[in-house]
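Each chain is listed here by its residues.
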Amino acid sequence: MQYVSTRGQAPVLTFEDTMLTGLARDGGLYVPEHIPTLSTDEIAAMAGQSYEDVAYTVMRPFIGATFTDTEFRELIAAAYAPFGHAARAPLVQLAPNHFLLELFHGPTLAFKDFAMQLIGQMFQKALGRKGERVTIVGATSGDTGSAAIEAFRGLDNVDVFILYPHGRVSEVQRRQMTTPTESNVHALAIDGDFDDCQARLKDMFNDFEFRDGVKLAGVNSINWGRVLAQVVYYFSSAVSLGAPHREISFTVPTGNFGDIFAGYIAKRMGLPVRDLVIATNQNDILDRCMKGQGYRKGTVHASISPSMDIQVSSNFERALFEAYGRDGGAVAQLMAELAEGGFDVSQGAMEALRENYSSGRASEAETSATITKALAETGELLCPHSAVGVKVADERREEAVPMITLATAHPAKFPDAVEAATGIRPPLPARMADLFDREERLTRLPNDLAALKTHIKETLAL
Ligand SMILES: Cc1ncc(COP(=O)(O)O)c(C=O)c1O
Ligand SMILES: N[C@@H](CCOP(=O)(O)O)C(=O)O
């Protein structure tokens with residue numbers, strides 16, 4: 001399996017090089033040159049299998065010769081062993097034909113652990129074999145950063161720098177990033193929003209002298225391995241509700257578009273997905289775009305679902321690449337227009353997008369009311385991101401087709417919003433009970449590329 005850039009001008013790479021490279025050198029994102037399919041029998045055989053076995057079947061066709069079958073099975077087993085639920089991604093029923101996919105039983109209590117724990121294993125194996133060291137720089141609105149730090153803390157061949165927007169992540173998220181004591185972990189509080197952090201990260205990748213000098217690697221969903229690992233739970237959950245013999249819809253709380261794009265890949269691989277619903281908070285650029293208003297950057301407004309406070313949605317580029325018939329030149333042109341403020345999606349591409357995705361948004365009041373209502377009616381305590389999903393799913397779901405809403409984080413990561421809506425302050429799991437007693441370590445920096453590069457180089461003593 002080879003990987004190509006969404007902008008068509010970067011070298012074609014293997015899975016291993018794609019994983020270790022991060023952003024393509026033309027500024028684009030890597031995608032598989034073709035999307036493999038699974039037969040109905042192969043999908044049906046997943047019923048009753050362990051999450052790990054489903055993961056192997058779904059991801060194996062994308063890995064090529066990077067790992068042997070045995071190695072890959074071992075990496076998967078090690079990745080999911082720390083999860084706090086035997087099913088890894090259990091489904092609970094909210095209402096007739098509406099199910100919640102709990103993706104928050106990993107070490108840092110968010111869906112990011114599904115991919116990050118596996119990426120951590122794959123990086124270690126690949127770097128150990130090559131005898132190489134890399135510098136991971138990540139941008140986070142809260143959850144990617146904590147998951148990345150957990151996956152890479154203490155490793156010999158990796159330094160990890162995480163840029164998060166100062167004052168715009170929850171206290172639990174911040175402490176997950178600032179309290180690890182390992183010397184290879186560096187939490188950087190940036191004076192800006194998540195879009196600024198992600199833009200500076202992409203600037204670093206596009207500065208080849210810096211990129212090559214520090215051996216830059218990325219673990220945001222820029223990295224194809226992140227998207228790939230998230231495809232698995234679409235299969236495991238759909239099969240447990242009767243796929244491939246019936247259609248299933250999904251609603252996905254969306255910010256950077258990595259998670260829902262993984263759902264699209266599952267569909268292309270043969271899973272009978274009827275609707276993929278993009279659920280946004282008040283930062284609703286994607287919902288506006290799907291409603292035909294073009295893709296135009298606005299100001300990021302802080303919300304009670306802070307991990308989705310994103311306007312420039314990185315993986316939407318991958319969706320556009322597919323919608324424009326895999327025309328890298330067209331995507332490069334759109335991204336140049338985005339840098340100037342935004343663009344209109346052509347009619348043909350809009351139709352292609354609407355064949356696969358629909359959308360909805362939740363205001364702050366609607367999100368809060370959904371947390372209250374879900375507790376009263378189902379006993380489920382939702383995090384605000386999952387509540388955005390449940391609210392939009394309730395508007396979109398059809399009687400005859402099961403709807404699965406992705407619950408992307410544990411309510412204890414956002415205790416203020418949950419307490420305001422329900423009066424209940426959800427406790428952290430026992431293993432994190434002392435999180436608020438641990439000492440914090442962080443560096444505050446301006447939203448300035450030169451300052452960031454200097455800080456990283458000085459920390460690495462380069
Ligand atoms: C809790 C939570 N929910 C939803 C999202 C949105 O996911 P994506 O960025 O893959 O669209 C994020 C951030 O990515 C998140 O941390
Ligand atoms: N919500 C994310 C934003 C980064 O998304 P990613 O999937 O590209 O890593 C976060 O929690 O950091």
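Residues numbered from 1 in each chain as written. Chains lettered and ligands numbered in written order. Predicted model: local features only at pLDDT ≥ 70, side-chain atom pairs only at ≥ 80, totals over all residues. Heavy atoms only, no water.

Near ligand 1, the surroundings consist of 15 residues, among which K112, D143, G255, N256 and T408 are the closest. N256 places a polar main-chain atom, nitrogen or oxygen, 2.7 Å from an oxygen atom of ligand 1. In isolation ligand 1 offers 380 Å² of accessible surface; the protein chains occlude 97% of this area. More than half of the atoms of ligand 1 fall within 2 Å of the grid points belonging to the largest cavity. Among the residues making up the shell around ligand 1, the classes are represented as five nonpolar, seven polar and three charged. (Near = heavy atom within 4 Å. Polar contact = N/O pair within 3.5 Å; in protein donor to acceptor, adjacent residues only side chain to side chain. Areas by Shrake-Rupley, 256 points an atom, 1.4 Å probe, with all protein chains shown as cover. 1 Å grid on protein atoms, 1.4 Å probe; cavity = no way out; pocket = protein on both sides within 12 Å on 5 of 7 lines; lining within 4 Å. Sits in = over half its atoms within 2 Å of the grid points. Nonpolar A, V, L, I, M, F, W, Y, C, P; charged D, E, K, R; others polar.)

This paragraph deals with the sheet that holds strand β13 (residues 357-361). Taken together, the six strands give an open sheet; going across it, the order is β3-β4-β14-β9-β10-β13, and neighbouring strands pair in mixed fashion. Sheet topology places β3 (91-95) and β13 at the edges, where each strand pairs with a single neighbour. When the angles between neighbouring strand axes are averaged without regard to direction, this sheet yields 25°. Inspection of the sheet shows β3 paired to strand β4 (residues 98-102) by four bridges, in the antiparallel sense. Along β4, the bridge assignment pairs L91 with L101. Those strands touched by helix α15 (residues 347-356) are β10 (273-280) and β13, and its axis lies near 80° from that of β13. (Pairing = 2+ DSSP bridges. Helix = DSSP H or I, 4+ residues; strand = E, 2+ residues; numbered from the N terminus. Axes fitted to C-alpha atoms, helices over the stretch in contact; angles between N-to-C directions. Contact = heavy atoms within 4.5 Å.)

Per the stated rule, a full pass over the model turns up three cavities of 30 Å³ or more. In this structure, the largest cavity spans a volume of roughly 310 Å³. Forming the boundary of the largest cavity are 28 residues, of which F111, K112, N256, S307 and I310 lie nearest the centre. Of all elements in the fold, only α6 (143-152), α10 (224-240) and α11 (258-268) reach the threshold of two or more residues within the lining of the largest cavity. Here the lining of the largest cavity takes three residues from α11, the largest share from any one element. For the lining of the largest cavity, the residue count by class is 10 nonpolar, 14 polar and four charged. (Points joined across faces, edges and corners; volume = space filled by probe spheres on them.)

This part is about the pairing of β13. Within β13, four of the five residues are buried, leaving the element largely enclosed by the surrounding structure. Where β10 and β13 come together, five bridges link them in parallel fashion. By the bridge assignment, I278 is partnered in β13 with S359. (Buried < 20%, exposed > 50% of the residue type's maximum accessible area, 1.4 Å probe, protein only.)

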